[in-house]
Amino acid sequence: MATVQFKHIVKKFGDNLVLNGVDVDIKDHEFVVIVGPSGCGKTTLLRMLAGLEEVTDGEIFIDNLLVNELHPSKREIAMVFQDYALYPHMTVEENMNFALRLRKMPKAEIGARVTEAANILQLNKFLKRMPKQLSGGQRQRVAIGRAIVRKPKVFLFDEPLSNLDAKLREEMRVEIAKLYQRLNATIIYVTHDQVEAMTLAGRIVIMNHGIVQQVGSPIEVYRKPCNLFVAGFIGSPTMNFLTGRLSSADGVSVFSNESVTLPIPAFVLPQKEALEGREVVLGVRPDDVLVEHPGGEKLSCKMDGVLEVCELLGHRENLYLKVSGQRLLATVEAFFNRSPGSAVSLCFNYQNMHVFDKATGQRISE
Amino acid sequence: MKKEMSAAAKKKRLQHLLIHAGLILVSAAFVYPLLRIFSVSLRPGDKLFSMDLSIIPAGATLISYSKLLKDTMFLHWLWNSLLITLATSFIGVSLASTAAYSFSRFRFPGKKAGMILLLSSQMIPAGMLILPLFLMIMKLKLMNTYLGMIIAYSVSSLPFSIWILKGYYDTIPRSLEEAALVDGTSQVGAFWRIILPLSTPALSIAFLFNFTTAWNEYLVARVVLFSAKQYTWTLGLFELQGQFITQWGMFAAGSMLVTIPVLCVFLYSSKWLISGLTLGSVKG
Amino acid sequence: METLKSIVEVTWFIILVAVGVAALVGYLYSHFKFYARTWFFPAVLAVFPALALAVFGGLLGGYTFQLWLYFLLAEAAIAAFFRLVVKGRHTVPYLMLAPAFVGLALLLVYPFVFEVYLSFHDLKLTTIMMWKNTGTLPFVGITQYIKVFTTSPLSEVTFWALLLRTLVWTFTNVFFHVVGGFILALMLNNHIKFKGAYRTLLVIPWAMPQVVAVLAMRGEFHAQYGFVNIFLVKLVHLLPFLASLGVGPVQWVSDYPLITCTLINIWLVIPFMMVVILGGLQSISSSYYDAADIDGASYFQKLRYITLPLVRPVMMPAVTLGTVWTFNNINVIYLVTGQSGGTEQADILVSALYKAAFTYNRYSYSAAFAIIVFAMLFFFSVFYLKSFDAAKDER
């Protein structure tokens, strides 16, 4: 197993700047998920690590070895592709031992490794089948198996679950998590699905426009998103954003826009950031919009709103609310028995409130 | 309402009936010449020239076939054709398979120029290159030999083969080769172990195309080969038919022997051949 | 025994080609790989010209100092090119392309250039021995080109008559191919029984070896024993009034050779057009027709506003290809009229060109003729492609 370092990676396709100075350090045995919207350069980064794209500028190290000019086959990595890339003219077994055969490994060793991987992935029954005869999930497992038998330094996963249907995706997600516990390998996993990122990752790397936005554990990036992009990208349903201006009254800073006026306590926003007249964006997750709540400590004052639409999800319910002109989404326990159009009262949970500078998009709250 | 429906159905039936009638008529007209060859090949020697239109003639006999095989060098001609054709197809497809891969997978300076050269070579009238090729073969002292024929034929189908194969390679996902690279092959190894085995359908179509072109070729053979021993079957048949008065039965028998296998192969592969044709032309 | 000998001969040749390809790839690979080494220039200049002299000198029959000098200069230029321009980039694609393109250069580009060379010199039956022995020919400038327009390539027909005939031939053929193919494809594109069987039967003329098909049809146009005339006789017998309209058996091949060739060629190529157009028709989604039905379109309206525009993109390349093929079709005309004593009344440009070279042995004349035909075709293609591109942009 190995460490991976990206040092100031730049990638250009012609004049098109895809990656603009990416620095990431990945430790031994770490499960790192690179997440971001499509076109953010995450797959390009992975493919550069695999040696499938040239590095325009910067350095990539695997186990402290500079691999920029190294051929993919010499990097001791294994990759699981988005479309699985199973060789259609080989059986499952041949697919899995292809790399080992290329390395002229002894037959006994090849057999042992394939059997072991097949046991882990429950593929024993399918070894003699062709990829065409397998279902999507089975193909996925073969693709993973092909990576496992190699015993590589680093596993690369390129959106491996995006071609599966929702139910299968959940199952495979759990499988991959189990596999990680068992292999205890260095894994780099690229996805655009933030749920996958949150559930699988030891650390998440969030990218946008070819730049790393934040690196941290799932709980860190959820609790303390460092900028507006991360705040909006992580978490489902999406965070509510309220744009407005700060002012201060009686030593307490107050947020206000046309619809909402709200005091911001000092434990949310430190005094030194609470500049008079600063344009800010307030971020509140739907879970922290409390509807018809009796009130209590560390909650904001009550506001009056109108219920526009209810979406019942089963155990939870999405409420689309409107406070004068400001639209808000709240997620509450199921069976909020009110009809659309009725008036409701709501308040925010200060403990999980985020404040961002509007101009820079950076987090300024605690 | 119900009455109207049945009227519409009646109209439809009449329509189909007319279509069937038309198709049967045209099919008959299209197939009849082949049946005539068959019929003539079965005629007894004294009735080769008759106004008879029946398909199995009175006193049908295989005498023309046996005369063809015994008295002429027909089998030898077939053998000549087969050797020349196999060799040219093999060379042509081998060269095309790698060239098409370059065009399909890589970006390199001169790619566009190369593609334009391939396309524009299709504009050169076939008759135009026969003369210089003939003179070159003469200069190389390869007149009346297999080698001269193979040289003249080998690149004639190359542009089209490259075009078909490129179209097919384009449909193979790149990630397969990338997986192979990660698994430890070189770029050429990925081509050899992954792309070539996956391309067998396209390779056989290209082979078939090369094969039929060379197999049916007449004009180059006419000027390069001059002794009956070296003739390909096309020259041989022309010779038989040229002496119209005496050899019609043998000509028909020979035609049948050549046509039946070609027809079977063609009908079997026509679907792919056409998709190759349209793919190449539409994309161009 | 003889069979074995022929197999050995051909196998030996294939091995030779393989060795040639390997040598070519090795030669280029060494340039790609070692272009930056200090010993690169001295090594390649010492090795490759000497090797080339050994191989080609043997082939051409003379190991002269001059030849070696040529090879040396060529190698120096190639090595410099690799060092200064290529610099070892794109090794794999170039190496994979090289064999095919060297083949094309030797057997397509070189003959083409040679044809141009011939057209400015005088190669004919009286000078061919001289060319064989010394490799030189008298230079005559553009005389051959003037001759193309002033003298007949055959014994009587002029260039302009041939050109006119070629255009008529091409237009008539392509017109009937497309119309015939379209009608057949429309008939086949219904939900009818035995569709596959019809399709198979209808492609038979295309599937038969052309030489067999044409020669057989030529026989069937025979004045007395061909079925065409036999049918005509029977028809007149059945409907006597036709005779008064002038219908009756005719001497097809000798009296109406061009019509005979045209009929044969139409019969040959309709299947190809039919198949291509049928492919286009089948790719049209039936929802368009459903929508048109709801809008109340008649059969011909649907044909005009849905079928034709949607089949066009599939048809146009096929029509272009068909036009070029028909224009260049020597086979049909030569096979029908090419026997000694055959008529000239059916010859088009390309078949006249073939006959001028190989029946009348006027080599240089036919080379000039070929260049002119090629130029015409080239300008037609460029013009056509341009207008096609423009049409594409409009959509």
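These numbers come from a predicted model, not from an experiment. (Residues numbered from 1 in each chain as written. Chains lettered and ligands numbered in written order. Predicted model: local features only at pLDDT ≥ 70, side-chain atom pairs only at ≥ 80, totals over all residues. Heavy atoms only, no water.)

**Q** Any chance you could break down the packing of helix 14 (residues 257-282) of chain C against helix 16 (residues 299-327) of chain C for me, citing the residues and the numbers?
**A** All names here are of chain C. The geometry of helix 14 relative to helix 16 is characterised by a closest axis approach of 9 Å and an angle of 150° between their N-to-C directions. With respect to their mutual orientation, helix 14 and helix 16 come out roughly antiparallel. Crossing of helix 14 over helix 16 shows right-handed handedness. Residues N265, F272, M273, V276, I277, G280 and L281 of helix 14 form the contact with helix 16, whose participating residues are T307, V311, V314, M315, A318, V319, G322, W325 and T326. Its residues placed into classes, the contact of helix 14 with helix 16 shows 11 nonpolar, 5 polar and no charged. (Axes fitted to C-alpha atoms, helices over the stretch in contact; angles between N-to-C directions. Helix = DSSP H or I, 4+ residues; strand = E, 2+ residues; numbered from the N terminus. Parallel < 35°, antiparallel > 145°, perpendicular 65-115°, else oblique. Left-handed = near helix turned anticlockwise from the far one by under 90°. Contact = heavy atoms within 4.5 Å. Nonpolar A, V, L, I, M, F, W, Y, C, P; charged D, E, K, R; others polar.)

**Q** Quick one: what's the story with the arrangement of the chains, residue by residue and with numbers?
**A** Across the 2 pairs of chains in contact, the largest number of contacts is found between chains B and C. Regarding chain A and chain C, which are not in contact, the minimum distance between any of their C-alpha atoms is 13 Å.

**Q** Describe a nonpolar patch on the surface, with residues and values.
**A** Where nonpolar side chains cluster on the molecular surface, the patch consists of C:F171, C:F175, C:F176, C:V179 and C:I183 and spans about 490 Å² of accessible area. Relative to the assigned elements, C:I183 resides in helix 7 (residues 159-188). (Patch = residues over 30% accessible without salt bridge, like charges linked within 9 Å, V, L, I, M, F, W, Y side chains within 5 Å. Areas by Shrake-Rupley, 256 points an atom, 1.4 Å probe, with all protein chains shown as cover. Salt bridge = Lys/Arg side-chain N within 4 Å of Asp/Glu carboxyl O.)

**Q** So, the sheet that holds strand 18 (residues 326-333) of chain A: which residues are in play, and what are the values?
**A** All names here are of chain A. Spatially, the 5 strands line up as an open sheet ordered 15-19-16-17-18, and their pairing is antiparallel. Two strands lie at the open edges of the sheet, namely strand 15 (289-291) and strand 18, each paired on one side alone. Within this sheet the neighbouring strands show an average axis-to-axis angle of 45°, counted without direction. Examined bridge by bridge, strand 17 (residues 316-323) and strand 18 share 8 bridges and lie antiparallel to one another. In the strand pairing of strand 18, N318 is matched with T331. (Pairing = 2+ DSSP bridges.)

**Q** Before we move on, could you go through the environment of C:A46 and cite the residues and values that matter?
**A** All names here are of chain C. Within the fold, A46 resides in helix 2 (residues 40-60). Using a relative accessible area of 52% as the deciding quantity, one classes A46 as exposed. As a C-alpha pair, A46 and L107 span 61 residues in sequence and 29 Å in three-dimensional space. (Buried < 20%, exposed > 50% of the residue type's maximum accessible area, 1.4 Å probe, protein only.)

**Q** I'd like a rundown of the interface of chain B and chain C, residues and numbers included.
**A** Contacts between the two partners involve 95 residues from chain B, matched on the other side by 100 residues from chain C. Where chain B abuts chain C, roughly 9,000 Å² becomes buried across the two surfaces, and 82% of that area is made up of carbon and sulfur atoms. Broken down residue by residue, the surface that chain B buries against chain C is led by B:F30, B:M123 and B:M128, which jointly contribute 8%. Where chain B touches chain C, the interface holds 1 salt bridge. Of the charged contacts in the structure, one is a salt bridge between B:R36 and C:E220, with a shortest N-O distance of 3.1 Å. Taken together, chain B and chain C are joined by 10 residue pairs in polar contact (both at pLDDT 80 or more). At 16 residues, helix 1 (residues 2-42) of chain B tops the list of elements feeding residues into the side of chain B that touches chain C. (Buried area = accessible area lost by both parts, 1.4 Å probe. Polar contact = N/O pair within 3.5 Å; in protein donor to acceptor, adjacent residues only side chain to side chain.)

**Q** For unusual backbone geometry, give the residues involved together with the corresponding values.
**A** Cis geometry marks the peptide bond from A:S236 to A:P237, where omega comes out at -5°. Topologically, A:P237 is positioned in the loop between helix 8 (228-233) and strand 11 (240-249). The backbone phi angle of A:N64 is positive, close to 65°, even though this residue is not glycine. Note on A:N64: relative accessible area 58%, which makes it exposed. Phi is positive for C:H90, close to 55°, though the residue is something other than glycine. Examined against the element boundaries, C:H90 turns out to sit in the loop between helix 3 (65-86) and helix 4 (91-119). Here C:H90 falls in the partly exposed class, since its relative accessible area comes to 32%.

By themselves, these figures tell us nothing about what the structure is for.
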